[in-house]
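The primary structure of each chain is shown beneath.
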Amino acid sequence: MYSDKVMDHFTNPRNVGEIPNADGVGEVGNARCGDIMKMWIKVENNVITDIKFKTFGCGAAIATSSMITELAIGKTVEEAEKITNQQVAEALEGLPPLKMHCSNLAAEALGAAIADYRSRTATTA
Ligand SMILES: [Zn+2]
């Protein structure tokens, strides 16, 4: 059912944890399988230098959140914002169609963290 890449990220997820003094935090959830995903980002000179996440959810949700951290680190805020659920699924060498909503969640969580980062910089600037 799952690709080796999905299993790898599920059993050995990257960048798990939280960033205490993060520049942006996003939290999203879906009712479909009860996944809850929280993501912290660190931004320096408009580049995402670090991301950590905590996901309470199904294997696909954990694998996609892990994958998106690897895709987004080192990218500018604008580039990271453009990462789609499709790109995450492709990087994981495919997800079962039933689990595509979980990859939506990863892109949404990152988007929410970026929105939070923007609102913070807007108020302090
Ligand atoms: Zn799920």
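Let us look at the structure shown here. (Residues numbered from 1 in each chain as written. Predicted model: local features only at pLDDT ≥ 70, side-chain atom pairs only at ≥ 80, totals over all residues.)

This paragraph deals with the nonpolar core. Judged by nonpolar contacts, the single largest core of 31 residues is most densely connected at M39, I41, A106, L110 and A113. Mapped onto this core, the elements with two or more residues apiece are β2 (36-44), β3 (47-56), α2 (59-72), α4 (85-91) and α5 (100-124). When residues of this core are assigned to their parent elements, the largest contribution, 9 residues, is made by α5. Here I41 is in contact with A22, D23, G24, I48, I51, A113, I114 and Y117, once residues within four sequence places are set aside. (Core = buried A, V, L, I, M, F, W, Y, C linked by C-beta atoms within 7 Å. Buried ≥ 20, exposed ≤ 12 C-beta atoms within 10 Å, placed from the backbone. Helix = DSSP H or I, 4+ residues; strand = E, 2+ residues; numbered from the N terminus. Contact = placed C-beta atoms within 7 Å.)

It is worth spelling out the pairing of β2 at this point. Sheet analysis places strand β1 (residues 24-29) next to β2, joined by 6 bridges and oriented antiparallel. Looking across to β2, one finds that G26 is bridged to M39. With antiparallel pairing between neighbouring strands as the criterion, β1 and β2 make up a hairpin whose turn holds 6 residues, including G34 at a positive phi of roughly 70°. Sheet analysis places β2 next to β3, joined by 9 bridges and oriented antiparallel. Bridge assignment links I36 to a residue of β3, and that residue is F56. Where β2 folds back onto β3 in an antiparallel hairpin, the turn is made up of 2 residues, including N45, whose phi is positive at roughly 50°. (Pairing = 2+ DSSP bridges.)

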